Amino acid sequence: MATNKLNLLKSFAPIIVMVVLFLIPVPSGMPPQAWHFFAVFLGMVVGMIIEPIPATAISFIAVTICVIGGNYFLFSSDELVNPDFNPAKESLKWGLAGFSSSTVWLVFGAFIFALGYDVSGLGRRIALILVKFMGKRTLTLGYAILIVDVLLAPFTPSNTARTGGTVFPVVKNLPPLFDSYANDPSARKIGGYLMWMMVISTSLSSSMFVTGSAPNVLGIELVSKIAGVNIGWLTWFLAFLPVGLILLVLAPWLSYVLYKPEITHSEEVSKWAGEELKTVGPLRRHEVILIFLVLLSLVLWMFGEEIINPTSVGLLAVSLMILFKIVGWKEITKYSSAWNTFVNLATLVTMANGLTRSGFIDWFSTTMSTHLNGFSPTATVAILVLVFYFAHYLFASLSAHTATLLPVMLAIGNSVPGVPMDQLSILLVLSIGIMGCQTPYATGPGVIIYGSGYIESKDYWRLGGIFGVIFITALLCIGWPILRIWL
């Protein structure tokens, strides 16, 4: 009975939030439509956090509500009294704008790459090769897990699909070889360390590339719309590279020191991977073609942006994958993760843009600017990045966190004179991936890894807190100074 009441409350929570905000008088100086839109937006965020229905369905419904009620949620009274202004047409145009976003299509293309990795078996082969050659020592095995994730990240924008769907199925076979089992004291033999390395790897790889995590794309869309700062694929990669290289080297070793496994050497893992590779067999035609397409896409993304748009590169790669029959069109139409993320990102981009369209961002930035006038631009940037980063303890979704707080941080930064918005924008979006290590519920892979039973709750929270501080400190103390010189 109690469970049914809780489920009922969860189902109505987003509606309750909206109704309560509708009943509250509009704050002084805020346009009425901005307050009404914010009510829908906050209801959407609450729904995405507790998920009484799938998160994508919630954001889709939120867009629909605002499109139908555009007069109430989007447009000012001055616009509505203009005889040349067509609110029905303009609200629909606003509602569909996210589906034409080039970055949303870039993520879709990367998802099809991920499908190719899975269908061709190339992703599993890469993982097994690294385990075979680096699996004799537990520390080097940790590096192997990290390398696999990083190699897959540019083409797998779902860290859940990448780490949870490709890396985890391989790694979960390793602990039993050492009599290390889940939900058992033996988990500390080696299983706990290997599972924690997946947490580290998915966090770092998600921040290394724009296409390493879907919320990254949402982030650069918001930055472009609100701050007017355009962050390309190569710009993102180079901005995080100095910090990323250092953390890629140090994080496995630090994990080894802070969460040292009882077993440090073994031949078993390497032998197991070798046997699995024999079963897989030699490279097949589809794998060779996919390797070529991966290298071609990387080269064009990194060096061909003046010739061909990064999104066009993704679409070209997808087309070639279809022509060479690496993936079939039927497989693409059935790939629900890609289409779900496409709709989710498109609707979130639309809703986040609605904060600006309705006038909420202008009002908020003007209001908040007075509270930060006493801080220097440098201190303001540091405060906003730290607040944005550690606020993820309150969220169970990187997408919901990004959609909710990033516009707020950008608006505040924009309102303080002298704040370098290019630096603030890049630091904020680069922090999205690395914040995923902080809690067991921070990301989809974290939930999967924690649910495996190899890492005790107290250990996960302790390690998450330590590495969370290490990661953001590295970004601010190493990445930011370099970014200042570069920009």
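Quick note: structure is the one above.
A short tour of the structure in this document, coming up. Remember, predicted model here, so these are calculated numbers, not experimental data.

## What about the environment of Pro52?
Next, step 1: Mapped onto the fold, Pro52 is located in the loop between α2 (32-50) and α3 (55-68).
Next, step 2: Separated by 38 residues in the primary sequence, Pro52 and Pro14 place their C-alpha atoms 9.1 Å from one another.
Next, step 3: Those residues within four positions of Pro52 in sequence are excluded, and the remaining contacts are Lys10, Ser11, Pro14, Gly47 and Ile58.

## Observations regarding the environment of Leu96
Next, step 1: Mapped onto the secondary structure, Leu96 falls in helix α6 (residues 87-96).
Next, step 2: Spatially, the C-alpha atoms of Leu96 and Thr350 are 7.5 Å apart, while their sequence positions differ by 254 residues.

## A short note on the side chain of Asn216
Next, step 1: Locating Asn216 in the fold gives a position in helix α12 (residues 214-227).
Next, step 2: Within polar-contact distance, the side chain of Asn216 engages the backbone oxygen of Ser206 at 2.7 Å.
Next, step 3: Not counting chain neighbours up to four residues away, the residues in contact with Asn216 comprise Ser206, Phe209, Val210, Trp236, Val429, Ile432 and Gly433.

## Let's talk about helix α11 (residues 191-208)
Next, step 1: With 18 residues, α11 extends 26 Å between its outermost C-alpha atoms, agreeing within 8% with the 26 Å of an ideal straight helix rising 1.5 Å per residue.
Next, step 2: For α11, the tally of buried residues reaches 18 of 18 residues, placing the bulk of the element in the interior.

## Quick look at the pattern of salt bridges
Next, step 1: Under the defined criterion, the tally for this structure stands at seven salt bridges.
Next, step 2: Close ionic contact of Glu287 with Arg125 constitutes a salt bridge, the shortest N to O distance being 2.6 Å. In this pair, Glu287 is assigned in helix α15 (residues 285-303) and Arg125 in helix α8 (residues 122-134), connecting sequence segments 162 residues apart.
Next, step 3: Taking the relative accessible area as the measure of exposure, Glu287 reaches 0% and is therefore buried.
Next, step 4: Exposure remark for Arg125: the relative accessible area of 7% places this residue in the buried category.
Next, step 5: A salt bridge links Lys458 to Asp459, with the shortest nitrogen-to-oxygen separation between them at 3.5 Å.
Next, step 6: Residue Lys458 is classed as exposed on the basis of its relative accessible area of 57%.
Next, step 7: Residues participating in the shared-partner salt-bridge network are Glu456, Lys458, Asp459 and Arg462.

## A look at unusual backbone geometry
Glycine aside, a negative phi is what most residues show, and trans is what most peptide bonds show.
Next, step 1: Despite not being glycine, Asn183 has its phi angle at roughly 50°, a positive value.
Next, step 2: Within the element layout of this structure, Asn183 appears in the loop between α10 (159-171) and α11.
Next, step 3: For Asn183, a relative accessible area of 67% corresponds to the exposed category.
Next, step 4: Backbone geometry places Lys325, a non-glycine residue, at a positive phi of 60°.
Next, step 5: For Lys325, a relative accessible area of 64% puts it in the exposed group.

## Quick look at α6
Helical geometry note: an α-helix holds 3.6 residues per turn, so side chains three or four residues apart project in the same direction.
Next, step 1: All of the buried residues along α6 are Ser91, Trp94 and Gly95. Looking straight down α6, one finds its buried side chains confined to an arc of 100°; they lie on one side. In α6, the exposed positions that point more than 90 degrees away from the buried face belong to Lys89 and Lys93.
Next, step 2: Regarding α6, its N-cap is Asn86, as a side-chain oxygen of that residue lies 3.2 Å from the backbone nitrogen of Ala88 further along.

## Quick word on the packing of aromatic side chains
Next, step 1: Inspection of the entire model under this criterion finds 25 aromatic pairs.
Next, step 2: One Lys or Arg, Arg188, reaches over the ring of Tyr259 and ends 4.1 Å from the middle of that ring.

About the thresholds
Residues numbered from 1 in each chain as written. Predicted model: local features only at pLDDT ≥ 70, side-chain atom pairs only at ≥ 80, totals over all residues. Heavy atoms only, no water. Helix = DSSP H or I, 4+ residues; strand = E, 2+ residues; numbered from the N terminus. Contact = heavy atoms within 4.5 Å. Polar contact = N/O pair within 3.5 Å; in protein donor to acceptor, adjacent residues only side chain to side chain. Expected span 1.5 Å × (residues − 1). Buried < 20%, exposed > 50% of the residue type's maximum accessible area, 1.4 Å probe, protein only. Salt bridge = Lys/Arg side-chain N within 4 Å of Asp/Glu carboxyl O. Arc of directions from axis to C-beta. Phe/Tyr/Trp six-rings, centres within 6.5 Å; stacked < 30°, edge-to-face > 60°. Lys NZ or Arg CZ within 6 Å of the ring centre and 35° of its normal.

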